[in-house]
Amino acid sequence: MNPIPIFPKCYKESSKPHKYCGGCGHGIALKELGYAIDELGIAKKTVIGLDIGCSLLAWDFFDVNSVQTHHGRTVPVMSGFKLIDSKRVCIAYVGDGGGYAIGLQSLITAAQRNDAITVILVNNTIYGMTGGQTAPTTFSNEKTTTSPNGRKCWETGQPFMGPEIIKSLNNLNSFVARASVKDPIQLRQIIKQAINNQINKDSFSFVEVLSTCPTNWHMNAKESLNRLNNQIAKQFPVGVFK
Amino acid sequence: MNKNEKFITGNQAIIEGAKAIGANCMCGYPITPATEILEEWAKLNSENPKKYAMIQAEDETSAGFNTIGAILAGAKAFSATAGPGHVLIQDPLSMAEAMRIPFVLFAMQRGGPSTGTVIYGQQEVTLACFGGNGEGLRVVYSISSVQEAYDYSIKAFNVAWQYRFPVIVLGDGYVAKMKQKIKVSKAPINIKSQSFFNESAFRNLRNCFNVESQLAQVLNNDIKEFRAISKKIVESDQKYCQDAKIIIIAHGIVWQSVVEAVEILRKKKIKVGCFRPITLNPFDGVTLSRFAAKCDKLIIIESSAGHLERLVKSNLITHVKIECLQKPVEPIAVEEIIRFIK
Amino acid sequence: MNYPIKILLAGEGGHGIQTIAKLLCDLVLETSNDVTYIPQYGVEMRMGVSVAYLQISDKKINNPKFSQADILLVTSARDIETTKSFIDKKTVIINLINKFDYLNSINIKFNNLNIYALGILVELLMENSIKIKKESFEKHVVKVLSDKANIGDLIFAYEKGLVEKSINFSNSLSNISKQNNLPIIDSDNKKTHTKFSNLCKSCGLCLEICPVKALSWSNNNLNYIGKNMPEVDIDKCIGCGMCAQICPDCAIRVDKK
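Residues numbered from 1 in each chain as written. Chains lettered and ligands numbered in written order. Predicted model: local features only at pLDDT ≥ 70, side-chain atom pairs only at ≥ 80, totals over all residues. Heavy atoms only, no water.

Structural notes on the interface of chain C and chain A
Counting residues at the interface gives 26 residues for chain C, matched by 35 residues for chain A. Summed over both sides, the interface between chain C and chain A buries roughly 2,600 Å², with carbon and sulfur atoms accounting for 66% of that surface. Where chain C touches chain A, the interface holds 0 salt bridges. The interface formed by chain C and chain A contains 8 residue pairs in polar contact (both at pLDDT 80 or more). (Contact = heavy atoms within 4.5 Å. Buried area = accessible area lost by both parts, 1.4 Å probe. Salt bridge = Lys/Arg side-chain N within 4 Å of Asp/Glu carboxyl O. Polar contact = N/O pair within 3.5 Å; in protein donor to acceptor, adjacent residues only side chain to side chain.)

Next comes the structure, spelled out in structure tokens:
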């Protein structure tokens, strides 16, 4: 008997191999989200919202109800959904553009309002799908297609510290954390904690996931892991904030 | 007044209609002159938040997406806006158009462009009919009285949920804020809302496709369906057009002034008639053309610089002389119409 | 061939299809001909097939896309589905699908498959009266050279393509050498290490994460995109499973006995 891959049970096998580039952190984040959904036994009652950007490549990733929305609008769609069907687990899976740029207003509003949804934001310090433009989380001097000589943070802002800002919004019951794809097991635990915060405390949860984009970083696996472990981990500390 | 009569504003009538048809969720953002719609709903929500769910969103775009989320979960949800908010809500409206989501929107026109005035205009016609980056697959009703605010509120939800296209009820600041006596009655039919998801068969919904042909397949099918239902839902009204030499075309509250003017002119033996598109989209070009073919000229009267004119000209299938009385952002009085005709 | 000559180039992302499309434009523009080029772009491009549309004519070409190709280049099995509608009776197909053994035998590196294909295209166009100055290749390719490329290898691959006579210019894609997509299983009495070639994308994360450096690039095993896969030294392997954990594609499984 030939062995078969160990997919999460909620994976849609017909869409594998998936459309993410080789070495992309989304593949790891989505895999751990899948295992988290399996371990919590919530596949049937989960709805996942996908944003525009590389997030949308997960539109047919899971045998879980899902809806791909407009850019930066995944959070309000999930908020509206949860208002009506509060028994479902509502997850918004977004990137650094959909979360911290065009969708920032809605993200902060949902957090402030303590909407009982779980936002998973994949931060790879760049806009991947559109070919590598500057993101709110891009580093100083990081070269992107819209900052070809490197981002000038004194003009365009320092890398955006999302969980730090969200945790300071006035809500006691929300769960705010940052994890990294370089530690998949820890990532899975944090995702489960976030989802449980939605289920058990009927409150907002937010997980930023530090991730890689070898294609637009123009790096191979070794270089992108190195960048994730060093430069990125130093700027964006991992942990549970509240 | 007996118990099924009310003396209320257009905005209040919209909420009365929404209640009558079983709407159970509103997501909106305050903007004059539609704000009272949100406020009236908020009163219901404060008494029964489960039956009348509500989100006051951070802006109209988010309000529209909140509404979409609620509809996906099975709510009979709607939003209301005006002017610049109507511009912002085109983003979620085009997602609703793409994904056949029964989005009901009440848009109260005000003076544009930009912040303009908070009062009145008829310049959001093109926005309502063709806003967004799609093909105008949305039904647009133009209301002219408080009674119609009630009646078409009910109809909007039924049409949206029966045919699964967004429906916009287009009013203006005058209809929104004026008080009139209306009759309220139970909705004769009530199309139920449904969740887009269930637990037995997972659906992965999307609006972004990989190549041209994939989107073309979905869109061409939707266009075909919209054209097919157009015949069933197109609506218009007319007076005296059968033997009219001059036909006046107007919509919304301008229609009321036109009707009055036509009655006065008819008493003076002037062979004038009037036509009103009730659905701006789909537009009843067939009926209009039938009357236009037998008359000498059409006069298009509107509080804009050509929104209605463009709709008429693109739907006329007969050749006829056309004149326009255009007063952007200002009301048009009966006397002005009479002067113009003479 | 009649003007406009319609050329469709297809390959996996990273095969350099767009690079040779641009180089071909540079070469054609030195002749008296005009050329129009557009890449297929969009969501399809992420881990999809990379496609370039080129047209060569003596007049200006206005419409960048076409539905039937005069020349079709395919370099991987996945291209067939995307490009088969472009094939009609007159299409000349340059079929380089799964020709890795052959390329190895003539010393062409996998990374230079595209340049080799460019040589074949240039020769084919010259045979159809497009007066390309084939020597111009070197001056154009240095402009698109990445830091990691070796100009000597590129020139070698290009010149091999120019003189290639044994590629069968067929008119159909029915005769494709099949790729073996079975899982690759290594085991000893303590653990089994399985690699799935129909999932692996050769990203190399597993090689980097392995704490004992038991994984290396295989010379023999290829994945579904035609790239070299990792192979495991089962004696060095300690069965920790970190490679399986980090793999974004679930392409590895490690079972302890």
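Now, onward.
A few points about empty space enclosed by the protein
The final tally for this structure, using the stated rule, is 4 cavities of 30 Å³ or more. If you add up the space inside the largest cavity, you get close to 140 Å³. Taken together, 17 residues form the lining of the largest cavity, with C200, C203, C206, C247 and A251 of chain C sitting closest to its centre. Broken down by secondary-structure element, the contributors of at least two residues to the lining of the largest cavity are α7 (205–209) and β9 (228–232) of chain C. In terms of residue class, the lining of the largest cavity is made up of 12 nonpolar, 2 polar and 3 charged. In this structure, the second largest cavity encloses a volume near 100 Å³. What lines the second largest cavity is a set of 14 residues, among which C21, C24, C54 and C213 of chain A together with R46 of chain C lie closest to the centre. By residue number, the principal contributor to the lining of the second largest cavity is helix α8 (residues 214–217) of chain A, which donates 3 residues. (1 Å grid on protein atoms, 1.4 Å probe; cavity = no way out; pocket = protein on both sides within 12 Å on 5 of 7 lines; lining within 4 Å. Points joined across faces, edges and corners; volume = space filled by probe spheres on them. Helix = DSSP H or I, 4+ residues; strand = E, 2+ residues; numbered from the N terminus. Nonpolar A, V, L, I, M, F, W, Y, C, P; charged D, E, K, R; others polar.)

Focus on the nonpolar core
Residues and elements named next belong to chain B. With 144 residues, the main nonpolar core has I37, W41, L72, F78 and F106 as its most contacted residues. For this core, the element with the most residues is helix α7 (residues 146–163), which contributes 11 residues. Each of domain 1 (5–186 + 208–233) and domain 2 (236–341) contributes no fewer than three residues to this core. Here F106 is in contact with I14, I37, F78, S79, A80, T81, S153, F157 and V169, once residues within four sequence places are set aside. (Core = buried A, V, L, I, M, F, W, Y, C linked by side-chain atoms within 4.5 Å. Buried < 20%, exposed > 50% of the residue type's maximum accessible area, 1.4 Å probe, protein only. Domains from an automatic or database assignment.)

A few points about the interface of chain B and chain A
Counting from both sides, the interface comprises 33 residues of chain B and, opposite them, 31 residues of chain A. Overall, the association of chain B and chain A removes approximately 2,800 Å² of surface from exposure, summing both partners, and the carbon and sulfur fraction of that is 59%. On the chain B side of the contact with chain A, E58, F202 and N204 of chain B bury the most area, a combined 24% of that side's loss. The interface formed by chain B and chain A includes 2 salt bridges. The partner of R73 of chain A in a salt bridge is D91 of chain B, with the nearest N and O atoms 3.4 Å apart. Linking chain B with chain A are 19 residue pairs in polar contact (both at pLDDT 80 or more), by the criterion used here. Among the secondary structure elements, those contributing two or more residues to the side of chain B that touches chain A are β3 (53–56), α3 (60–72), α5 (90–99) and β9 (204–205) of chain B. Residues belonging to the side of chain B that touches chain A are distributed by class as follows: 17 nonpolar, 10 polar and 6 charged.

Some details on the side chain of D284 of chain B
Residue and element names in this part refer to chain B. You can see D284 is positioned in the loop between β13 (279–281) and α11 (285–292). Nearest to the buried, unbridged D284 among oppositely charged side chains is R290, at 6.6 Å. Only 2.7 Å separates the side chain of D284 from the side chain of T287, close enough to count as a polar contact. Excluding anything up to four places from it in sequence, D284 contacts V234, E235, S236, F275 and T279. (Lys, Arg positive; Asp, Glu negative; His and termini not counted.)

Thoughts on the environment of L228 of chain A
Residue and element names in this part refer to chain A. Along the polypeptide, L228 turns up in helix α9 (residues 221–235). With 224 residues separating them in the primary sequence, L228 and I4 have C-alpha atoms 30 Å apart. Other than its neighbours up to four places away in sequence, L228 contacts S180, V181, K182, L210, S211, T212 and A233.

Topic: the pattern of salt bridges
A complete count under the given rule lists 38 salt bridges over all chains for this structure. Here E208 of chain A makes a salt bridge to R178 of chain A, at a shortest N to O gap of 2.8 Å. In this pair, E208 of chain A sits in strand β6 (residues 205–210) while R178 of chain A sits in strand β5 (residues 175–180), placing the two residues 30 residues apart along the sequence. Of the two residues examined, E208 of chain A and R178 of chain A, each falls in the buried class. Notably, a salt bridge pairs D34 of chain C with K60 of chain C, separated by 3.9 Å at the nearest N-O pair. With D34 of chain C in strand β2 (residues 34–39) and K60 of chain C in the loop between β3 (49–57) and β4 (71–74), the pair connects residues that are 26 residues apart, well separated along the chain. On the basis of relative accessibility, which here comes to 22%, the residue D34 of chain C falls in the partly exposed class. The exposed category is assigned to K60 of chain C, whose relative accessible area is 65%. Here the residues in one salt-bridge network are E32, E39, R188 and K192 of chain A, joined through shared partners.

Quick look at the confidence of the model for chain C
Close inspection of predicted coordinates is inappropriate for parts of the model with low pLDDT. With 95% of its residues at a pLDDT of 70 or more, chain C shows a mean pLDDT of 89. Predicted confidence in chain C is weakest over helix α3 (residues 100–105) of chain C, with a mean pLDDT of 83, and strongest over helix α8 (residues 242–246) of chain C, with 97. (pLDDT = per-residue confidence, 0-100.)

Focus on unusual backbone geometry
A cis amide bond links K16 of chain A to the next residue, P17 of chain A, at an omega of 5 degrees. Of note, P17 of chain A is situated in the segment before α1 (25–40). In this chain, N281 of chain B is followed by P282 of chain B through a cis amide linkage whose omega measures 0 degrees. Mapped onto the fold, P282 of chain B is located in the loop between β13 and α11. Of note, R164 of chain B is a non-glycine position whose phi angle comes to about 65 degrees, a positive value. Along the chain, the position of R164 of chain B falls in the loop between α7 and β7 (167–172). A relative accessible area of 24% means that R164 of chain B is categorised as partly exposed. If you check the backbone angles, N98 of chain C has positive phi at about 55 degrees while not being a glycine. Here N98 of chain C lies in the loop between β5 (92–95) and α3.

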